[in-house]
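Architecture and fold: a report
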Amino acid sequence: MVFIRKVISRGCAYAQLVRTERVKGKVKTNVIRHLGPWGSLSEKVIQPDKETSFISYDYADVNALFKISQELNLIQLINNNTIKSGGINVGELSLIIIINHCVDPTSKLQIGKWFSRTYLPKLLSISPDKANKNSLTRVLDYLTEERIIKIETQIVKQLEKLFNLDKDCLMYDISSTYVYGDKCTLAKYGYNRDHVPEKQINFGLVLSKVGKFPLMHKIFEGNTVDVTTVCSTADSIKQQLDINTCMLILDRGMISEDNLVYLDKEKFGYIAGLSKSCKTTQELILEAKNFKEVEEGIYAEETIRLHNGKRKKYVVFLSKEKQKDDKERRDRILKEKAEELNKLKERISKGRIKDRDSIVMKIGEITKDVRKYFDARHDKNKLDFDFSLNELKLAKEEKLDGKYVICCTDVEMSAKEILLAYRDKDKAEKAFRCIKCFIKIRPIRHWKDNRVKAHIFLCVLAYLLEKVLEYRLELNGLKMTAEEALNELSGIKMISYNVGGEVIDKVAKIDEKQKLILEKLGY
């Protein structure tokens, strides 16, 4: 039996929703929820002459995200760029999918059940049965690539109004998500960051420096190499974000000579890591002698050189911790490989391997990734072989340990400013991790190209809502991730009472941490 009871604590009256049940012959009372101070609601609900029932809805987390979507004018922006005759509009159906990805990602088949458990139907004035698999799947067909670009462009303008957004410095990175099945033409086998032997789709994000908001995204076939996406993305940045130039922060995997020439020609600035395998990078590292400490354990030497007719600052950084880790890792691997080679020699001496070609092949397999460090010598008259470490190459490699080079087109920036700016690229990696693991972009349960693109777009918008929530908390002095905040808010329910046909809604009791989050959000 479920009922509301009145309790007195420290002279004040409070209402509790309780359930009684018989356990081993004894009646046990459990408190389901604290309803707050005893007042007009409790008095109205407890009416002996009227039948009373209640339903509990997930409330505070979905309500916070709904309010953020209103600030971004998200539903209206989507509706303004899509045309749908009859039924629930595209913006509202899209928002249902977006918020679901933020709080409880599930398939389109299961979203309807989740939707009915939340307070969203009342917030959107939509009957729960209208958000079904068919309507949620078909809505993807209205989000064409051309419309998505228009929607993203208008969202950026809204962000500029809300947060005085600065587009002078942007981050760009690329990741992938795997796809099941063979029907999606975008899905190809390529470099798989998730180490899953499935076809994949690559997608890139352009993030703002302030707030780390996703301003635009790009989708590529799964076998597209990262470095080949930079020039087309730079063009899209200019057109879609309506800017003539900006500073791009790029990972070293994005850098090639052709890309640098193109960015210089298009008047883009950049802060870019350079690959250690590059001859110029190695020269800079080996020439660096006068390191100065820029922060604890990190040292730097700056030099300015002409490149493509422009002065650029090259900074060689030395991390003492990374230097130690690099050497220890290499020494451990070389020790393991030397032990494997000695075991191979032992097998040869016992006559277990009698074919020279097999021996050469096995040496190659053992030293596959570290071949440059080993010198192997074969006796023409014997099957056996000898090996030793190449001390010259080891000595050169040790000089590279813990060092990396960053190129910056702004020669006025200090080494520390360049380092701090470059570290921001890690936020892009965290964005992909959030979209994959928390928002759960995968598995992609679609195979039509347009639906796959729309699905990725809605996942990016889900990440945008989270970043706006997180940034709003940060602006008001509360350092907390969106995941942490939403997890706390998920505990706040809306209790909907039906008293003789009259519906009365009341938010359940809020603890101090939840109250603080809501205050910082201004909700």
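What this report covers is the structure whose coordinates are included nearby. On a predicted model such as this, the values are computed, not experimentally measured, just so you know. Numbering of residues starts from 1 in each chain and follows the order in which that chain's sequence is written. Whole-chain, interface and lining totals are the exception, using all residues; otherwise, since this is a predicted model, local features are given only for residues with pLDDT of at least 70 and side-chain atom pairs are given and counted only at 80 or more. To obtain the side-chain values, all non-hydrogen atoms of the structure were used and water was disregarded.

**Notes on the packing of aromatic side chains**
Any two of the Phe, Tyr and Trp rings considered here, Trp counted by its six-membered ring, make a pair once their centres fall within 6.5 Å; the pair's planes then place it as stacked at under 30 degrees, edge-to-face at over 60, or tilted in between. If you walk through the whole model with that rule in mind, you get nine aromatic pairs. Relative to Y471, the ring of F163 lies with its centre 5.4 Å away and its plane at 75°, an arrangement referred to as edge-to-face. With F163 in helix α8 (residues 145-163) and Y471 in helix α17 (residues 449-475), the pair connects residues that are 308 residues apart, well separated along the chain. Here F163 and Y471 have matching classes, each one buried. Measuring from ring centre to ring centre gives 6.4 Å for F385 and F387, while their planes differ by 35°; the resulting arrangement is tilted. Taken together, the ring pairs in this structure connect Y57, Y59 and Y119 into an aromatic cluster. By definition here, charges over rings are those cases where NZ of Lys or CZ of Arg is within 6 Å of the ring centre and within 35 degrees of the ring normal. Cation over ring: K183 sits above W447, and NZ or CZ is 5.3 Å from the ring centre. A run of DSSP states H or I qualifies as a helix once it reaches four residues; a run of E qualifies as a strand once it reaches two. Both are numbered from the N-terminal end. Only protein chains enter the accessibility calculation, which uses a 1.4 Å probe; a residue is then buried when its area is under 20% of its type maximum, exposed when over 50%, and partly exposed in between.

**Overview of the side chain of S69**
Of note, S69 is situated in helix α2 (residues 60-71). A relative accessible area of 2% places S69 in the buried class. Pairs of N or O atoms are called polar contacts if they sit within 3.5 Å, as long as, within protein, a hydrogen donor faces a hydrogen acceptor (for residues adjacent in sequence, only side-chain-to-side-chain pairs). A polar atom in the side chain of S69 sits 2.5 Å from the backbone oxygen of F66. The criterion used for residue contact is that any of the two residues' heavy atoms lie within 4.5 Å. With near-sequence residues (within four places) excluded, S69 lies in contact with L74, L95 and L465.

**So, the state of the cysteines**
Criterion for a disulfide: a pair of cysteine sulfur atoms at a distance within 2.5 Å. All told, the structure shown has zero disulfides when counted by the stated rule. Unpaired in this structure, C184 has its nearest cysteine sulfur neighbour in C459, at a distance of 14 Å.

**Section: the nonpolar core**
Burial of nonpolar side chains together is a common tendency in soluble globular proteins. Membership of the largest hydrophobic core comes to 135 residues, with the highest contact counts inside it found for I96, L159, I237, L465 and L469. Here the element with the most residues in this core is α17; it accounts for 16 residues. When residues no more than four places from it in sequence are discounted, the contact partners of I96 are I111, W114, F115, L124, I126, A131 and L136. Listed in part, the 15 residues of the second largest apolar core include I333, I348, V370 and F385. Put simply, buried Ala, Val, Leu, Ile, Met, Phe, Trp, Tyr and Cys residues joined by side-chain atoms within 4.5 Å make one nonpolar core.

**Focus on the packing of helix α11 (residues 279-287) against helix α14 (residues 391-400)**
Lines fitted to the C-alpha atoms define the axes, with helices restricted to the stretch that makes contact. Angles between their N-to-C directions range from 0 to 180 degrees. Look at α11 against α14: their axes get within 9 Å of each other, and the N-to-C directions meet at 80°. Considering the angle they form, α11 stands roughly perpendicular to α14. On α14, the residues that touch Q282, I285 and L286 of α11 are K396, K399 and L400. A class-by-class count of the residues in the contact of α11 with α14 yields three nonpolar, one polar and two charged. Orientation labels follow simple angle bins: below 35 degrees gives roughly parallel, above 145 gives roughly antiparallel, 65 to 115 gives roughly perpendicular, and whatever is left gives oblique. Nonpolar residues are Ala, Val, Leu, Ile, Met, Phe, Trp, Tyr, Cys and Pro. Charged residues are Asp, Glu, Lys and Arg, and all others, Gly as well, are polar.

**Focus on unusual backbone geometry**
Following R442, the chain continues into P443 via a peptide bond in cis, with omega recorded as 0°. For P443, the location among the structural elements is in the loop between α16 (425-437) and α17. Its identity as a non-glycine residue notwithstanding, D242 has a phi of 55°, on the positive side. Taking the relative accessible area as the measure of exposure, D242 reaches 67% and is therefore exposed. One non-glycine residue, K440, adopts positive backbone phi at about 60°. Here K440 lies in the loop between α16 and α17. Owing to a relative accessible area of 44%, K440 belongs among the partly exposed residues under this scheme.

What is shown is where atoms sit, not what they do.
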